[in-house]
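Coordinate inspection notes
Here is what each chain is made of, one letter per residue.
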Amino acid sequence: MKNKIYEKELEKLHVELVKLQQWVVAKGLKVCIVFEGRDGAGKGGCIKAICERVSPRIFRVVALPAPTERQKSQMYIQRYIEHFPAAGEIAIFDRSWYNRAGVERVMGFANDAQVERFLQQAPSFEKSMVESGIILLKYWLEVSEEEQERRLASRIDDGRKIWKLSPMDLKSFSKWYDYSRARDAMFAATDTPWAPWYVLRSDDKKRARLNVIEHLLRHIPYEDMKREKVKLPKRQDSEDYVEPDYPYKYVTEHSWGADKA
């Protein structure tokens, strides 16, 4: 997809996301969006595209670090609950409680009994979420082996992306089929009528971002909130104000790109 087409379509969707934001606030809706998938599947890019033109106070991104020793002693789901949306909020989880069914299972941070208990309890827990009024959307980003390898390899020598390549990513890279088995078991246990999994093909990043925004807009009922036309008020008169002769410390202004003109 050419950038011009992508930017044009994304702009249209951003306008709709702003309308959704206004509706969520006005009606006190509670929305929870979960993004899961393998390393390099494009979760961060999708979330960035969603949040680019909306308020971070309404669209809250939740990306929790590894649990502390205290959190490890708590009920597993406990540290996620405190980040659930209140009225007028949309909480977007960049990885979620499904860590237990994915990375924790594959990398040995949770034993079989813990994983099975989670898979048994998750549907009931999510049913209670939905019954409490939370709109829950769960997305699994499906990336191919070839595309994942290309993306992870591209991070090695790119100073802008090297932070994305953690030791955990390197360890998990070789466990493709272990992750496949974990995904299959997760879907079998937690793909329910009240909280289904939606699979987003993400080899094409631009199309994936457009597709997921269009999808969530269709699955969260909203209307265009009519508002009065905005008009800037007249500025106050300067009266006796005089700019001070103050030694401001200005940021250096470089002639960016002048050498290539």
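About the criteria used
- Residues numbered from 1 in each chain as written.
- Predicted model: local features only at pLDDT ≥ 70, side-chain atom pairs only at ≥ 80, totals over all residues.
- Heavy atoms only, no water.
- Patch = residues over 30% accessible without salt bridge, like charges linked within 9 Å, V, L, I, M, F, W, Y side chains within 5 Å.
- Areas by Shrake-Rupley, 256 points an atom, 1.4 Å probe, with all protein chains shown as cover.
- Salt bridge = Lys/Arg side-chain N within 4 Å of Asp/Glu carboxyl O.
- Lys, Arg positive; Asp, Glu negative; His and termini not counted.
- Charge placed at Lys NZ, Arg CZ, Asp CG, Glu CD.
- Helix = DSSP H or I, 4+ residues; strand = E, 2+ residues; numbered from the N terminus.
- Buried < 20%, exposed > 50% of the residue type's maximum accessible area, 1.4 Å probe, protein only.
- Pairing = 2+ DSSP bridges.
- Axes fitted to C-alpha atoms, helices over the stretch in contact; angles between N-to-C directions.
- Contact = heavy atoms within 4.5 Å.
- Expected span 1.5 Å × (residues − 1).

1. Here we look at a negative patch on the surface
Residues Glu145, Glu146, Glu149 and Asp203 make up a contiguous surface patch of negative charge. Residue position: Asp203 is located in the loop between strand S5 (197–201) and helix H10 (205–219). In this structure Asp203 comes out as partly exposed when scored by relative accessible area, which is 37%.

2. Looking at the pattern of salt bridges
Taken as a whole and assessed by the stated rule, the structure comprises 18 salt bridges. The closest approach of N and O atoms between Glu69 and Lys72, which form a salt bridge, is 3.2 Å. Pair noted here: Glu69 and Lys72 are both in helix H3 (residues 69–72), with a separation of three residues, about one helical turn. Residues Glu69 and Lys72 agree in their burial class; the two are exposed. Close ionic contact of Arg183 with Asp184 constitutes a salt bridge, the shortest N to O distance being 3.0 Å.

3. A look at the sheet that holds strand S4 (residues 134–142)
Note on sheets: strands pair through backbone hydrogen bonds, and any given pair is parallel or antiparallel. Judged by pairing direction, the sheet is parallel, and its five strands sit side by side in the order S2-S3-S1-S4-S5 without closing on themselves. Single-partner strands in this sheet number two, and they are strand S2 (59–62) and S5. Averaged over all pairs of adjacent strands, the angle between their axes in this sheet comes to 25°, without regard to strand direction. The strands touched by helix H2 (residues 43–51) are strand S1 (30–37), S2, strand S3 (89–94), S4 and S5; relative to S1, the strand with the most contacts, the crossing angle is about 150°.

4. Concerning helix H1 (residues 3–27)
Taking 1.5 Å of rise per residue, the 25 residues of H1 would be expected to cover 36 Å, and the 35 Å separating its terminal C-alpha atoms lies within 8% of that figure. Buried residues in H1 make contact with S1, H2, S2, S3 and H10. Backbone geometry just after H1 places Gly28 at a positive phi near 65°.

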